[in-house]
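Chain residues, written in single-letter form:
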Amino acid sequence: MRRGLEEFPGDPALQAFLAMALYNQGEGREAVRLLLKTLTATSGDRRVQDYRRAIEYYADDLDGVQQTNEEPQAKS
């Protein structure tokens, strides 16, 4: 897969297959990062492009950007 990307580095289909292979190898973070980058680079959807910077920021720092649904606990 990586050899194919060396020959065709901008091929989004190969990038998607690489992401699937990475996920199957237990490299979920890298798979998600690659898919998000591929999405923003190839999508013609206006809404994806409107949020491109935010999606790419998140892709570059998956663990640094966290959202929690927990409410702060009141101190007794």
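Use the structure listed above.
So, a few notes on the structure that sits alongside this text. The written sequence of each chain sets the order in which its residues are numbered from 1. Confidence filtering applies because this is a predicted model: local features only for residues at pLDDT of at least 70, side-chain atom pairs given and counted only at 80 or more, and all residues used for totals across whole chains, interfaces and linings. The side-chain numbers reported here are obtained from all heavy atoms of the structure, hydrogens and water having been left aside.

So, the overall build of the protein chain
Thinking step 1. Within the protein chain, the regular secondary structure consists of 5 helices and 0 strands.
Thinking step 2. Strands here mean DSSP runs of E at least two residues long; helices mean DSSP runs of H or I at least four residues long; both are numbered from the N terminus. Counting from the amino terminus, helix and strand elements in the protein chain follow one another as α-α-α-α-α.
Thinking step 3. Only the protein chains shown count as cover for residues, and all accessible areas are computed by the Shrake-Rupley method using a 1.4 Å probe. For the protein chain, the exposed area adds up to about 6,400 Å²; of that, 50% sits on carbon and sulfur atoms.

As for the packing of helix α2 (residues 12-24) against helix α3 (residues 28-42)
Thinking step 1. Close contact between α2 and α3 brings their axes to 8 Å; oriented N to C, the two are set at 160 degrees. Considered as vectors, α2 and α3 are oriented roughly antiparallel to each other. The element α2 and its partner α3 pack so that their crossing is left-handed. Contact with α2, carried on its side by Pro12, Gln15, Ala16, Leu18, Ala19, Leu22 and Tyr23, involves Gly28, Glu30, Ala31, Leu34, Leu35, Thr38 and Thr42 of α3 and no other residues of that element. Note on geometry: axes are C-alpha line fits, over the in-contact stretch for helices, and angles between N-to-C directions span 0 to 180 degrees. Orientation labels follow simple angle bins: below 35 degrees gives roughly parallel, above 145 gives roughly antiparallel, 65 to 115 gives roughly perpendicular, and whatever is left gives oblique. Put simply, a crossing is left-handed when the front helix is turned counterclockwise from the back one by less than a right angle, and right-handed when it is turned clockwise. Note on contacts: a residue pair qualifies if any of its non-hydrogen atoms lie within 4.5 Å across the two residues.

A word on α3
Thinking step 1. Helix length check: α3, at 15 residues, gives a terminal C-alpha distance of 21 Å against a target of 21 Å (1.5 Å per residue), a fit within 8%.
Thinking step 2. Every buried residue belonging to α3 is among Ala31, Leu34, Leu36, Thr38 and Thr40, and all of these are buried.
Thinking step 3. Where the residues of α3 are buried, they touch α2, α4 (46-50) and α5 (52-60). Every helix has an expected span of 1.5 Å times one less than the residues it contains. For the exposure calls, accessible area comes from a 1.4 Å probe over protein chains only, and a residue counts as buried if that area is under 20% of its type's maximum, exposed if over 50%, partly exposed in between.

Side note on the nonpolar core
Thinking step 1. With 6 residues, the main nonpolar core is built from Leu5, Leu18, Ala19, Leu22, Ala31 and Leu34.
Thinking step 2. Counting residues per element, the ones that place at least two in this core are α2 and α3.
Thinking step 3. The element contributing the most residues to this core is α2, with 3 residues.
Thinking step 4. Not counting residues within four places of it along the chain, the set of residues in contact with Leu5 comprises Asp11, Leu14, Gln15 and Leu18.
Thinking step 5. Counting residues in hydrophobic clusters, the runner-up holds 5 residues, among them Leu36, Ile55, Ala59 and Leu62. Throughout this description, the term nonpolar core refers to a set of buried Ala, Val, Leu, Ile, Met, Phe, Trp, Tyr and Cys residues connected via side-chain atoms within 4.5 Å.

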